[in-house]
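# Structural features, examined
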Amino acid sequence: MANKIRVATTSLAGCFGCHMSFLDIDERMLQLAEVVEFDRSPITDIEHCTNCDIGLIEGGVCNSENVHVLREFRNNCKILVAVGACAINGGLPAMRNHIPLEECLNEAYLDGIGVENPKIPSDIELPLLLNQVHPIHEIVKIDYYLPGCPPSADVFWKFLTDLIEGREPSLPYELVHYD
Ligand code: SF4
């Protein structure tokens with residue numbers, strides 16, 4: 001294929017479980033590789049997303065770096081996709097939204113069971129934590145949502161093949177899960 005579809009992926013405040021589920025398409029990855037080339041993703045060494053057809057975002061937004069990466073994807077991807085519960089509604093990381101940030105930091109780094117050398121990290125290189133974890137649609141416009149924690153490999157396959165073959169993506173009812 002002369003012009004391959006360019007796809008970028010990233011994980012913001014996520015656990016990489018959605019990426020692992022994507023890899024579960026197994027040997028179908030070879031079919032995909034015939035028509036797709038990967039830009040920024042865990043299988044390339046590309047640091048910044050460049051012009052892409054599709055951007056897949058796992059995870060919500062918990063710090064300033066997540067905001068920067070998400071905006072970079074929005075600026076460079078024609079189609080931006082929220083992949084999984086964390087990207088769609090904040091997911092597990094957003095459980096901290098009910099607790100003041102200072103209390104979370106104290107519990108994790110000062111007062112928690114088993115903490116040694118209590119000290120809240122403050123290196124200037126660390127991205128600034130946001131007070132809340134946000135779903136990605138609160139920061140940028142999102143074109144499609146793939147539900148699930150994680151979405152199954154078949155969801156990735158159906159969604160991507162629909163897009164690549166020029167159809168409006170449509171998931172059959174049995175593939176739509178929110179767990
Ligand atoms: Fe991990 Fe589930 Fe969040 Fe995906 S949606 S990043 S699998 S916790």
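Being a predicted model, the structure only gives us computed values, none of them experimental.

Attention shifts here to the pattern of salt bridges. This model, assessed by the stated rule, comprises nine salt bridges. The partner of Glu 37 in a salt bridge is Arg 6, and the shortest N-O contact between them spans 3.1 Å. Linking Glu 37 in strand β2 (residues 36–38) with Arg 6 in strand β1 (residues 5–11), this pair joins segments that are 31 residues apart in sequence. What makes Glu 37 partly exposed here is its relative accessible area of 35%. Residue class for Arg 6 comes out partly exposed when judged on its relative accessible area of 21%.

Turning our eyes to something else, we now look at the nonpolar core. Phe 22, Ile 25, Leu 32, Ile 54 and Val 81 are the most contacted members of the largest nonpolar core, which has 23 residues in total. Going through the elements one at a time, β1, α1 (17–23), α2 (28–35), β2, β3 (52–58), β5 (77–83), β7 (144–146) and α6 (153–164) are the ones with two or more residues in this core. Considering each element in turn, this core owes the most residues, seven residues, to α6. Among residues more than four places away in sequence, those in contact with Ile 54 are Ile 5, Arg 6, Val 7, Ala 8, Cys 77, Ile 79, Val 81, Leu 160 and Leu 163. Grouped together as the second largest cluster of nonpolar side chains are 17 residues, Leu 12, Leu 70, Ala 87 and Ile 136 included.

Moving on to the site of the ligand. Looking at the ligand, the residues that line it are Gly 14, Cys 15, Gly 17, Cys 18, Glu 58, Gly 84, Ala 85, Cys 86, Gly 148, Cys 149 and Pro 150. Going through the elements one at a time, α1 and α4 (84–89) are the ones with two or more residues in the shell around the ligand. Ranked by the residues each element gives to the shell around the ligand, the list is headed by α4, at three residues. Looking at the shell around the ligand residue by residue, the class counts come to six nonpolar, four polar and one charged.

Moving on, we come to the pairing of β3. Side-chain positions along a regular strand alternate between the two faces of the sheet. Most of β3 sits out of view: six of its seven residues are buried. Looking at chain direction, β1 and β3 are connected through five bridges and run parallel. Counterpart to Ser 11 in the pairing with β3 is Glu 58. Where β3 and β5 come together, six bridges link them in parallel fashion. In the sheet register, Gly 55 faces β5, and the bridge partner there is Leu 80.

Basis of the calculations
- Residues numbered from 1 in each chain as written.
- Predicted model: local features only at pLDDT ≥ 70, side-chain atom pairs only at ≥ 80, totals over all residues.
- Heavy atoms only, no water.
- Salt bridge = Lys/Arg side-chain N within 4 Å of Asp/Glu carboxyl O.
- Helix = DSSP H or I, 4+ residues; strand = E, 2+ residues; numbered from the N terminus.
- Buried < 20%, exposed > 50% of the residue type's maximum accessible area, 1.4 Å probe, protein only.
- Core = buried A, V, L, I, M, F, W, Y, C linked by side-chain atoms within 4.5 Å.
- Contact = heavy atoms within 4.5 Å.
- Near = heavy atom within 4 Å.
- Nonpolar A, V, L, I, M, F, W, Y, C, P; charged D, E, K, R; others polar.
- Pairing = 2+ DSSP bridges.

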